[in-house]
Amino acid sequence: MIYFAASIGIFPNMPVVYWSAQFIPSGLVAVIFALSPFVTGLMTLLLLKQNPFTLKKVLALLLALIGLVVIFYHQFHFDFRSVYGISGILLSCVLFSFSSVWVKKLTEQQAVNVDAFHQATGALLFSLPGLLLSWWLMDGELPQSVSVKSAGSIVYLAIVGSLVGAALFFYILQRLSASAVSLITLMTPVLAIMLGKNLADEELSAQTLIGVALVLVALLFYSPFSWKGIASWCSQKLLAGLQSRAIVAEENPESALQDARDDMIRFK
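An account of the accompanying structure is given in this report.

The rules we used
- Residues numbered from 1 in each chain as written.
- Predicted model: local features only at pLDDT ≥ 70, side-chain atom pairs only at ≥ 80, totals over all residues.
- Heavy atoms only, no water.
- Axes fitted to C-alpha atoms, helices over the stretch in contact; angles between N-to-C directions.
- Helix = DSSP H or I, 4+ residues; strand = E, 2+ residues; numbered from the N terminus.
- Parallel < 35°, antiparallel > 145°, perpendicular 65-115°, else oblique.
- Contact = heavy atoms within 4.5 Å.
- Nonpolar A, V, L, I, M, F, W, Y, C, P; charged D, E, K, R; others polar.
- Phe/Tyr/Trp six-rings, centres within 6.5 Å; stacked < 30°, edge-to-face > 60°.
- Buried < 20%, exposed > 50% of the residue type's maximum accessible area, 1.4 Å probe, protein only.
- Lys NZ or Arg CZ within 6 Å of the ring centre and 35° of its normal.
- Patch = residues over 30% accessible without salt bridge, like charges linked within 9 Å, V, L, I, M, F, W, Y side chains within 5 Å.
- Areas by Shrake-Rupley, 256 points an atom, 1.4 Å probe, with all protein chains shown as cover.
- Salt bridge = Lys/Arg side-chain N within 4 Å of Asp/Glu carboxyl O.
- Core = buried A, V, L, I, M, F, W, Y, C linked by side-chain atoms within 4.5 Å.
- Expected span 1.5 Å × (residues − 1).
- Polar contact = N/O pair within 3.5 Å; in protein donor to acceptor, adjacent residues only side chain to side chain.
- Left-handed = near helix turned anticlockwise from the far one by under 90°.

Some remarks on the packing of helix 3 (residues 26–33) against helix 5 (residues 55–72)
At their nearest, the axes of helix 3 and helix 5 sit 9 Å apart, and the two run at 175° to each other. Accordingly, the angle class assigned to the pair helix 3 and helix 5 is roughly antiparallel. When helix 3 is examined against helix 5, the residues Gly27, Ala30 and Val31 are found in contact with a partner set consisting of Leu65, Leu68, Val69 and Phe72. Residues of the contact of helix 3 with helix 5, tallied by class, amount to six nonpolar, one polar and no charged.

So, unusual backbone geometry
Proline 12 follows phenylalanine 11 through a cis peptide bond whose omega is 15°. Summarising the element assignment, proline 12 is placed in the loop between helix 1 (2–7) and helix 2 (13–20). Residue lysine 49 is not a glycine yet carries a positive backbone phi of 55°. Mapped onto the fold, lysine 49 is located in the loop between helix 4 (36–48) and helix 5.

Concerning the packing of aromatic side chains
Scanning all chains against the criterion turns up 10 aromatic pairs. Between phenylalanine 23 and tyrosine 84 the ring centres are 5.6 Å apart and the planes differ by 45°, which places this aromatic pair in the tilted class. Within this pair, whereas phenylalanine 23 is found in the loop between helix 2 and helix 3, its partner tyrosine 84 is found in helix 6 (residues 82–109), the two being separated by 61 residues in sequence. Note on phenylalanine 23: relative accessible area 16%, which makes it buried. Linked through ring pairs, Trp19, Phe23, Phe80 and Tyr84 together constitute an aromatic cluster. Above the plane of the ring of tyrosine 171 lies arginine 175, whose end atom (NZ or CZ) is 3.7 Å from the centre.

A closer look at a nonpolar patch on the surface
Taken together, the side chains of Phe4, Leu125, Phe126, Leu128, Leu132, Leu133, Trp135, Trp136, Leu137, Met138 and Leu142 make up a nonpolar region of the molecular surface, amounting to roughly 1,300 Å² of accessible area. Looking at the nonpolar patch element by element, the count peaks at nine residues for helix 7 (residues 116–138). Structurally, phenylalanine 4 can be placed in helix 1. Of the residues examined, phenylalanine 4 reaches a relative accessible area of 41% and is grouped as partly exposed.

Some words on the nonpolar core
With 33 residues, the main nonpolar core has Ile24, Ile89, Val103, Phe169, Phe170 and Leu173 as its most contacted residues. For this core, the elements supplying multiple residues, two or more each, are helix 1, helix 3, helix 4, helix 6, helix 7, helix 8 (148–175) and helix 9 (178–181).

Re helix 7
Look at helix 7: 32 Å from first C-alpha to last across 23 residues, which is about the 33 Å you get at 1.5 Å a residue. Taken together, the buried positions of helix 7 are occupied by Ala116, Gln119, Ala120, Gly122, Ala123, Ser127, Gly130 and Ser134. Contact partners of the buried residues in helix 7: helix 1, helix 2, helix 6 and helix 8. Where helix 7 begins, one side-chain oxygen reaches toward the backbone nitrogen of phenylalanine 117, 3.0 Å away; that side chain belongs to aspartate 115.

A look at the packing of helix 2 against helix 6
In contact at an axis separation of 8 Å, helix 2 and helix 6 are set at 160° when each is read in the N-to-C sense. Considered as vectors, helix 2 and helix 6 are oriented roughly antiparallel to each other. With respect to the hand of their crossing, helix 2 and helix 6 are arranged in left-handed fashion. Along its contact with helix 2, which presents Asn13, Val16, Val17, Trp19 and Ser20, the element helix 6 presents Tyr84, Gly85, Gly88, Ile89, Leu91, Ser92, Leu95 and Phe96. A per-class count over the contact of helix 2 with helix 6 returns eight nonpolar, five polar and no charged.

Shown next, in the form of structure tokens:
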């Protein structure tokens with residue numbers, strides 16, 4: 001049951017995503033899929049009988065959604081075909097959220113303990129028949145020639161993007177709530193933009209930077225940490241550092257004086 005529940009996030013979810021992406025731009029896909037935390041919260045409320053929504057979290061998710069809209073606003077254009085793409089991504093969002101929450105429910109209820117790697121392997125094996133059937137119905141032909149670049153991309157996606165990525169996903173899902181794990185849909189576009197800037201030297205407009213900043217601030221507010229708790233933690237670390245400096249000064253005054261000089265040079 002755990003393997004089957006986990007496989008829903010791969011099949012039929014992934015074919016639905018790729019089918020829908022041909023009708024709408026990638027930016028709109030990212031914005032619609034960013035609704036996953038809301039859908040996951042609703043699934044958590046229905047299946048796990050837990051209410052993950054607080055006013056702070058809802059406002060943070062809305063702020064992150066606004067940030068993604070700011071980033072990808074220039075990609076938004078709609079026509080009749082867009083209805084298919086938007087409907088498909090919304091369905092994918094529901095499938096992804098339902099799969100995550102159902103896996104969370106089963107792992108909490110079942111007596112058997114399934115580690116993350118076995119969950120990933122089982123999910124991939126259970127989704128394989130459906131993926132093969134999709135290929136057979138939609139194409140059913142093997143490529144005549146495969147370039148080295150294409151072959152390398154396929155191997156990378158198979159190992160890192162699928163097996164390793166799925167194992168890490170289920171590893172995190174075992175330790176965090178499904179609502180927290182669903183935040184990956186907000187992080188992915190921002191990480192892709194950062195990687196594009198650093199690895200591909202892509203240009204970042206002021207609009208993109210503002211949107212990225214909004215998403216990062218939203219994730220910070222969504223986190224369980226409070227400003228009061230962060231300030232308390234910092235003050236404790238500062239106090240511990242001062243106490244250790246005092247002990248060093250008593251035991252070795254010359255070393256403490258040199259440290260103070262180094263600090264003054266760094267400060268200047």
